[in-house]
Amino acid sequence: MVSLAAASVTVASTPSSHGNVRLPTRLPSARLLRCLTSMPYLEDAEELDESGATAQAREARAERLVTQANTLIASAQWEEAAEVLSTAIALCARPPAAWQVNLANCLCELSGRTEEAEGHYQAALLSQQPPSFEVLANYALFLSERGAKRQQDALHTLRSALALNPGWAQGQYNLGN
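Now for a look at the structure at hand. (Residues numbered from 1 in each chain as written. Predicted model: local features only at pLDDT ≥ 70, side-chain atom pairs only at ≥ 80, totals over all residues. Heavy atoms only, no water.)

## Considerations on the pattern of salt bridges
At step 1: All chains considered together, the criterion is met by four salt bridges.
At step 2: Close ionic contact of glutamate 118 with arginine 150 constitutes a salt bridge, the shortest N to O distance being 2.7 Å. With glutamate 118 in helix α5 (residues 114-127) and arginine 150 in the loop between α6 (133-144) and α7 (151-164), this residue pair connects regions lying 32 residues apart in the sequence.
At step 3: A salt bridge links arginine 150 to aspartate 153, with the shortest nitrogen-to-oxygen separation between them at 3.1 Å.
At step 4: By relative accessible area, which is 38% here, aspartate 153 ends up partly exposed.
At step 5: Taken together, the salt bridges that share partners define one network made up of Glu79, Arg113 and Glu116. (Salt bridge = Lys/Arg side-chain N within 4 Å of Asp/Glu carboxyl O. Helix = DSSP H or I, 4+ residues; strand = E, 2+ residues; numbered from the N terminus. Buried < 20%, exposed > 50% of the residue type's maximum accessible area, 1.4 Å probe, protein only.)

## Re the packing of α7 against helix α8 (residues 169-176)
At step 1: Two elements in contact, α7 and α8, have axes separated by 10 Å at closest approach and are oriented at 145 degrees. The element α7 and its partner α8 pack so that their crossing is left-handed. When α7 is examined against α8, the residues Leu155, Leu158, Arg159 and Leu162 are found in contact with a partner set consisting of Gly171, Gln172, Asn174 and Leu175.
At step 2: Grouping the amino acids of the contact of α7 with α8 by side-chain chemistry returns four nonpolar, three polar and one charged. (Axes fitted to C-alpha atoms, helices over the stretch in contact; angles between N-to-C directions. Left-handed = near helix turned anticlockwise from the far one by under 90°. Contact = heavy atoms within 4.5 Å. Nonpolar A, V, L, I, M, F, W, Y, C, P; charged D, E, K, R; others polar.)

## Some words on the packing of helix α4 (residues 97-109) against α6
At step 1: For the pair α4 and α6, interaxial distance at closest approach is 10 Å and the crossing angle is 20 degrees. Between α4 and α6, the angle is such that the two are roughly parallel. Helix-helix and strand crossings are classified by hand; for α4 and α6 the assignment is left-handed. Between α4 and α6, the residues in contact are Ala97, Val101, Asn105 and Cys108 and Val135, Asn138 and Phe142, respectively.
At step 2: In the contact of α4 with α6, the residues fall into five nonpolar, two polar and no charged. (Parallel < 35°, antiparallel > 145°, perpendicular 65-115°, else oblique.)

## Here we look at unusual backbone geometry
At step 1: Of note, the amide linkage connecting glutamine 129 to proline 130 takes the cis form, showing an omega dihedral of -5 degrees.
At step 2: Looking at the element boundaries, proline 130 is found in the loop between α5 and α6.
At step 3: The phi angle at alanine 76 is positive, at roughly 60 degrees, despite the residue not being glycine.
At step 4: Inspection of the secondary structure puts alanine 76 in the loop between α2 (55-74) and α3 (78-91).

## Topic: α4
Think of an α-helix as 3.6 residues a turn; residues three or four steps apart then line up on the same face.
At step 1: In this model, α4 (13 residues) spans 19 Å end to end at C-alpha, consistent with the 18 Å of a helix rising 1.5 Å per residue.
At step 2: For α4, the full list of buried residues reads Ala97, Trp99, Gln100, Val101, Leu103, Ala104, Cys106 and Leu107.
At step 3: Contact partners of the buried residues in α4: α2, α3, α5 and α6. (Expected span 1.5 Å × (residues − 1).)

## Structural notes on the nonpolar core
At step 1: In terms of nonpolar packing, the biggest core is built from 38 residues, with Trp99, Tyr121 and Trp168 touching the most fellow members.
At step 2: Breaking this core down by element, the ones donating at least two residues are α2, α3, α4, α5, α6 and α7.
At step 3: The leading source of residues in this core is α6, at eight residues.
At step 4: Every residue in contact with tyrosine 121, bar those within four places of it in the chain, is listed here: Val101, Ala104, Asn105, Cys108, Val135, Asn138, Tyr139 and Phe142. (Core = buried A, V, L, I, M, F, W, Y, C linked by side-chain atoms within 4.5 Å.)

## Quick notes on the side chain of glutamate 118
At step 1: Under the relative-accessibility criterion, glutamate 118 is labelled buried at 13%.
At step 2: Only 2.7 Å separates the side chain of glutamate 118 from the side chain of arginine 150, close enough to count as a polar contact.
At step 3: Setting aside residues up to four positions removed in sequence, glutamate 118 forms contacts with Tyr139, Phe142, Leu143 and Arg150. (Polar contact = N/O pair within 3.5 Å; in protein donor to acceptor, adjacent residues only side chain to side chain.)

## Things to note about α7
At step 1: End to end, α7 covers 20 Å across 14 residues, agreeing with the expected 20 Å (1.5 Å per residue, within 8%).
At step 2: Inspection of α7 places Ala154, Leu155, Thr157, Leu158, Ala161 and Leu162 among the buried residues, and these make up the whole buried set.
At step 3: Packed against the buried residues of α7 are α6 and α8.

All we've got here are geometric facts, nothing functional implied.
Put into structure tokens, the structure is as follows:
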């Protein structure tokens, strides 16, 4: 903890014309006082990143970015949405699996970025134990679109998703084909 007394500025003083009262000749600047009073406690220092933002501030910014990305997704602006989601994910120590899945889905819409998309699906799977139906379903659909060489992986993931939600019609249909 930083206290004003520990970080005080030495002030020189001169005798006044009012007897023995000594008036300071130089007061601490307002900028220095603002700096001293706004300094974080030492316990909070590890929560600050290199730009001085707290984890809470970074996560709030990430939430705003995800809202922006959802608007971009709704208007099929995949590249822009992927960039915004990437930034949001980078701001969080543990981003929600849904953000990873949304980024992966955006990347699937862009040509040549399927390997990157798969990495985000896998990150979403690893971030939840056990994985949610939504993550499994999205990854299963991704794998089923990769062709015969990923068919076994797709079937395994599809069965896992259906175990969590047996009423998923598209999954039942895909399993039958």
